[in-house]
Amino acid sequence: MTTLTKRYPFCASHRLCSGLLSAERNRQIFGKCANPHGHGHNYTLEVSVRGEPDPTSGMTMPRGALDRWVQSAVLERIDHRHLNSEIPEFERLVPTSENVLLVVDAWLRAAWPEHFPGQRIRLAGLRLEETPRNSFRC
Amino acid sequence: MLITRKAEFSASHVCSSPSLSAEENLRLFGAESRPHGHGHNYVVEVTVSGDVDAVHGMVLDLKDLKQVIRERVLDVYDHRFLNREVAPFERVVPTAENIAQDIWRRLDPAIDAMGASLHSVRLHESGELFVEYRGAAAG
């Protein structure tokens with residue numbers, strides 16, 4: 001078995017604040033990330049798939065197929081978007097990187113059957129860099 | 001304890017399979033299938049595992065690991081056209097997956113002989129793609 005990982009950059013803006021908390025409490029928890037007009041990041045998403053390389057092609061997964069799956073399931077929805085305003089999942093969910101990863105994981109899993117009909121899911125893990133200094137894995 | 005040593009080599013390759021048509025190769029491998037080849041600055045991360053020696057406080061001597069990687073990998077791969085100059089890539093497609101497996105085969109016995117175990121070979125083909133192989137036993 002080999003794990004294949006590709007990195008996909010995307011840019012998005014967000015604001016960290018919970019509708020369940022007061023403005024003051026949001027400010028205490030999220031600091032400048034709660035500034036009302038939001039702010040943005042250059043994110044990088046790493047998508048890993050696992051499997052035995054195909055004996056003919058020598059690839060765990062063709063790069064084009066991996067790119068098309070990630071592009072249509074994730075990047076088209078999230079790149080150059082305001083997460084809170086433009087992505088229904090974040091209407092009530094705070095778009096922290098933890099929650100972004102959980103939403104992206106669900107999107108990729110939901111889109112798998114359409115891109116790889118009849119194949120069991122081979123998603124091995126995700127990693128999200130919010131900045132070069134913060135990263136999250138699931 | 002896990003210890004990782006990183007090394008770089010530059011090499012060219014073509015990814016296409018003789019058992020597929022030119023069209024199928026282009027569809028599967030894209031620009032990687034162009035017949036004259038192209039190159040990458042590969043980065044390989046070799047991770048070994050072992051117990052810390054009670055006397056010298058090390059799993060193994062990193063000098064020895066560096067030398068084994070140089071002799072068994074870099075001297076073979078660096079500044080070569082993989083399909084023409086490095087076995088088994090005259091018959092096996094030199095994808096990142098197959099290169100990582102070949103590096104594993106070249107290093108595994110030597111690292112065993114040093115009293116440690118090879119844990120993983122991570123091969124970066126570019127800044128945006130890497131593969132990791134942990135041996136046939138890892139399943």
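Quick summary incoming for the structure in this document. (Residues numbered from 1 in each chain as written. Chains lettered and ligands numbered in written order. Predicted model: local features only at pLDDT ≥ 70, side-chain atom pairs only at ≥ 80, totals over all residues.)

## Description of the overall build of chain B
Basically, it comes down to this: Labels follow the DSSP assignment, with helices taken as runs of H or I lasting at least four residues and strands as runs of E lasting at least two, numbered in each case from the N terminus. Any residue surrounded by 20 or more other C-beta atoms within 10 Å of its C-beta is treated as buried, while 12 or fewer makes it exposed and the intermediate range makes it partly exposed; C-beta atoms here are placed from the backbone. C-beta atoms are first placed from the backbone for all residues, and any pair lying within 7 Å is then listed as a contact.
Across its full length, chain B carries four helices and five strands. Starting at the N terminus and ending at the C terminus, chain B contains elements arranged as β-α-β-α-β-α-α-β-β. Along the longest, intermediate and shortest principal axes, the C-alpha atoms of chain B span 60 × 30 × 25 Å. Taking all 139 residues of chain B together, the buried fraction comes to 33%. A separation threshold of at least 6 residues defines the contact pool for chain B, and within that pool the share at least 24 residues apart is 66%.

## Concerning the packing of helix α2 (residues 62–77) of chain B against helix α4 (residues 96–113) of chain B
All names here are of chain B. For clarity, the cut-off: Here, axes are lines fitted to C-alpha atoms. For helices the fit covers the stretch in contact, and angles between N-to-C directions go from 0 to 180 degrees. Crossing handedness is defined as follows: a turn of the near helix away from the far one that is anticlockwise and smaller than a right angle gives a left-handed crossing, while the clockwise case is right-handed. When residues are sorted by character, Ala, Val, Leu, Ile, Met, Phe, Trp, Tyr, Cys and Pro go into the nonpolar class, Asp, Glu, Lys and Arg into the charged class, and all the rest, Gly among them, into the polar class.
Where α2 meets α4, the closest approach of the two axes is 10 Å, and the angle between their N-to-C directions is 145 degrees. You can see that α2 and α4 cross each other, and the crossing is right-handed. Mapping the contact onto sequence places V68, R72 and V73 in α2 and I103, R106, L107, A110 and I111 in α4. Counted by class, the contact of α2 with α4 contains six nonpolar, no polar and two charged residues.

## Quick word on the interface of chain B and chain A
To keep it simple, the criterion reads: Strands qualify as paired when DSSP identifies two bridges or more between them.
Contacts between the two partners involve 19 residues from chain B and, on the opposite side, 16 residues from chain A. Going through the elements one at a time, α4 and β5 (129–133) of chain B are the ones with two or more residues in the side of chain B that touches chain A. Ranked by residues supplied to the side of chain B that touches chain A, first place goes to β5 of chain B with five residues. Residues belonging to the side of chain B that touches chain A are distributed by class as follows: 10 nonpolar, six polar and three charged. Sheet topology places strand β1 (residues 2–14) of chain A next to β5 of chain B; five bridges connect them, and they run antiparallel. Bridge pairing in β5 of chain B places L4 of chain A opposite V131 of chain B.

## Observations regarding helix α2 (residues 63–78) of chain A
All names here are of chain A. Which entries qualify depends on this criterion: Helix span is expected to be 1.5 Å times the residue number reduced by one. Two axes enter the bend calculation: one fitted to the seven residues ending at the residue in question, the other to the seven starting there, and the bend is the angle between them.
The end-to-end C-alpha separation of α2 is 21 Å, in line with the 22 Å expected for 16 residues at 1.5 Å each. Of all bends in α2, the biggest is about 45 degrees, found at Q71. Phi turns positive one or two residues past the end of α2, at H80, with a value near 55 degrees.

## As for the environment of V46 of chain B
All names here are of chain B. Among the structural elements, V46 can be located in strand β2 (residues 38–49). Overall, the presence of 24 C-beta atoms within 10 Å leaves V46 in the buried class. Sequence-distant contacts of V46, defined by excluding residues within four places in its chain, comprise T4, R5, I69, L107 and V121.

## Structural notes on the pairing of strand β2 (residues 39–51) of chain A
Residues and elements named next belong to chain A. Two strands pair when backbone bridges link them, and β1 and β2 are joined in this way by 13 bridges, in the antiparallel orientation. Note on β2: the bridge partner recorded for T2 is G51. In terms of strand pairing, β2 meets strand β4 (residues 123–131) through six bridges, oriented antiparallel. Counterpart to T44 in the pairing with β4 is E129.

That is the geometry; function is a separate question.
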